[in-house]
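Each chain, written out:
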Amino acid sequence: MENSFAITTTFIAYLILMLAIGVIAYQRTKNSSDYFLGGRSLGPWPAALSAGASDMSGWLLLGLPGYAYAAGIEAFWLAGGLLVGTWLNWLINAKRLRTYSITTDALTLPEFLSRRFNDKSKMIQVISAFFILLFFLFYTSSGLVAGGKLFETVFGLDYTTAVVIGTVCVVSYTLFGGFLAVSWTDLVQGLLMAAALMIVPIAAMEGGFSDLGGQLENINPELLTLWNDSKGEPLSAIAIISLVAWGLGYFGQPHILARFKATRSNKDLTTARRIAVIWTALSMLGAMLVGIVGLIYVNNSGVTVDDGEKIFMLLVNSLFHPVIAGILLAAILAAVMSTADSQLLVSSSALAEDFYKQVFKQDASSEEIVMVGRIAVIGISIVALLLAMTPDSSVLGLVSYAWAGFGAAFGPALILSLYWARMNRNGALAGILVGGITIVVWK
């Protein structure tokens, strides 16, 4: 009873803080530029940590530890690809996209692509918005699944009730505060996530990490190799390339690209890149250690784990005082909220700016667009909630589908639009269609 009360109190305090930030952001949100892009006012720290936190989502504390728990060192292929992808995305896309989006006065990615190629038919903008809505429904639902698993494990709630509560938490401040609320809360959430992922494996390995390899070898020697899976079967070249290629998905993620456009200067982007890469490296190393150390802990203690994606929660509940446990478990809530809020906001901007304004009412005022965007936040969250209602949903599985969709649909088209002067409207449209449809058909 004491444990539950302490954790519940911590969660409530955390949510109050997020809502307070949302209220402050609401007071500074005057028009559609503020609501969807924060008035392009982000400094390097909120830009970097907001991009990182909105990128990683619940899969960083659930999906990646669960993968490392099952596969061991093999997870480094995935983590390494993502780290390199993070660095290249900031290096290749950030400054040019920010500069060109200001030149074309574009708030959203579909709007930028449409204006970059002078697409008077608006086909690029509408089709791009369609793919954003499609893939973000799955991406957002992955965050809600993570939130459901959190509330289900911590409070013993029914899974359906747990998912609904998590959804309400996210929608509450995104609805009113817009991009500034999302970015400022992401700053807090990103710091909390990184700290939790560093603290938990250190606490679990009381004797230090010097014997980590030996203990892992005693459980299963195959967990210590990069070239075989946990069953001893050699990893194929396709399997390794597929894991590393996760990093290529960064070039087409609308919620991350929005942080580049929202940064206040190109100089700040250089500082933000360094912060983002360091944060990503520390966070993913911590996540993999949670999975590996968690496997050793479970093996030594004889505990049964029915879902590897819950290993972070098991370690926290087992090792820490309830008050500290509440703070560390709030990191999962932070991960869920930091990504789901960004995805809801980008999806609502696609509906409001790229569908409603272009197809239904081109002379819509800025205030009207913001209102449509807020209505869209509610509508999209309800659909994502319905997709998340299956308790057996895999966080990593849902993320992988959406991640591949964005990378294929927008990555090549965006890079070529920024670096190749001869890139044209038909080429961009073909790339977006082929990339997006390929993922849908393949899946």
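Analysis parameters
Think of each chain on its own: its residues are numbered from 1, step by step along the sequence as written. It should be noted that, the model being predicted, local features are given only for residues of pLDDT at least 70 and side-chain atom pairs only at 80 or more, the latter also being counted only at that level, while totals for whole chains, interfaces and linings use all residues. Side-chain measures were taken over the full set of non-hydrogen atoms in the model, leaving aside hydrogen atoms and water. Numbering of helices and strands runs from the N terminus; a helix is a DSSP stretch of H or I covering at least four residues, while a strand is a stretch of E covering at least two. Radius of gyration means the value over C-alpha atoms here, while the globule rule gives 2.2 Å times the residue count to the 0.38 power. Categorising residues by exposure relies on relative accessible area from a 1.4 Å probe, with only protein chains included: less than 20% of the type maximum marks a residue as buried, more than 50% marks it as exposed, and the intermediate range marks it as partly exposed. What makes a patch is a set of residues exposed beyond 30% relative accessible area and free of salt bridges, joined within 9 Å when like-charged and within 5 Å when nonpolar (Val, Leu, Ile, Met, Phe, Trp, Tyr). In this description, accessible areas are obtained by the Shrake-Rupley approach with a 1.4 Å probe, and a residue is regarded as covered only by the protein chains that are shown. Salt bridge criterion: a side-chain nitrogen from Lys or Arg within 4 Å of a carboxyl oxygen from Asp or Glu. Structural elements are reduced to axes, namely lines fitted to C-alpha atoms, with helices fitted over the stretch in contact, and the angle between N-to-C directions of any two is expressed from 0 to 180 degrees. For classification purposes, an angle smaller than 35 degrees is called roughly parallel, one larger than 145 roughly antiparallel, one from 65 to 115 roughly perpendicular, and anything else oblique. With the far helix as reference, a near helix turned anticlockwise by less than a right angle produces a left-handed crossing, and one turned clockwise produces a right-handed crossing. We call two residues contacting when some pair of their heavy atoms lies within 4.5 Å. Each residue is assigned to one of three groups, with Ala, Val, Leu, Ile, Met, Phe, Trp, Tyr, Cys and Pro labelled nonpolar, Asp, Glu, Lys and Arg labelled charged, and all others, Gly among them, labelled polar.

### Re the overall build of the chain
Point 1. Counting its regular elements, the chain contains 18 helices and zero strands.
Point 2. Over its C-alpha trace the chain gives a radius of gyration of 21 Å, about what one expects of a compact globule, namely 22 Å for 443 residues.
Point 3. Once the C-alpha set of the chain is aligned to its principal axes, its extents read approximately 65 × 50 × 40 Å.
Point 4. Across the 443 residues in the chain, those meeting the buried criterion constitute 58%.

### Quick word on a nonpolar patch on the surface
Point 1. There is a patch of nonpolar side chains on the surface, built from V84, W87 and L91 and spanning about 270 Å² of accessible area.
Point 2. Tracing the backbone through its elements, the reader meets W87 in helix 5 (residues 75-92).

### A word on the packing of helix 8 (residues 123-155) against helix 18 (residues 425-442)
Each pair of packed helices can be summarised by the angle the axes make with each other and by the distance between the axes.
Point 1. In contact at an axis separation of 10 Å, helix 8 and helix 18 are set at 20° when each is read in the N-to-C sense. When the interaxial angle is binned, helix 8 and helix 18 end up roughly parallel. The interaxial crossing formed by helix 8 with helix 18 has left-handed handedness. Contact residues: helix 8 offers M123, I124, I127, S128, F131, L134 and F135, while helix 18 offers R425, A428, L429, I432, L433, G436, I437, I439 and V440.
Point 2. When its residues are assigned to classes, the contact of helix 8 with helix 18 shows 13 nonpolar, two polar and one charged.

### What to know about unusual backbone geometry
Point 1. The phi torsion at R40 lies on the positive side, around 50°, for a residue other than glycine.
Point 2. On the secondary structure map, R40 appears in the loop between helix 2 (32-37) and helix 3 (44-56).
Point 3. Of note in this structure, K122 is not a glycine but carries a positive phi near 65°.
Point 4. Along the polypeptide, K122 turns up in the loop between helix 7 (109-116) and helix 8.
Point 5. Overall, K122 belongs to the partly exposed group, its relative accessible area being 27%.

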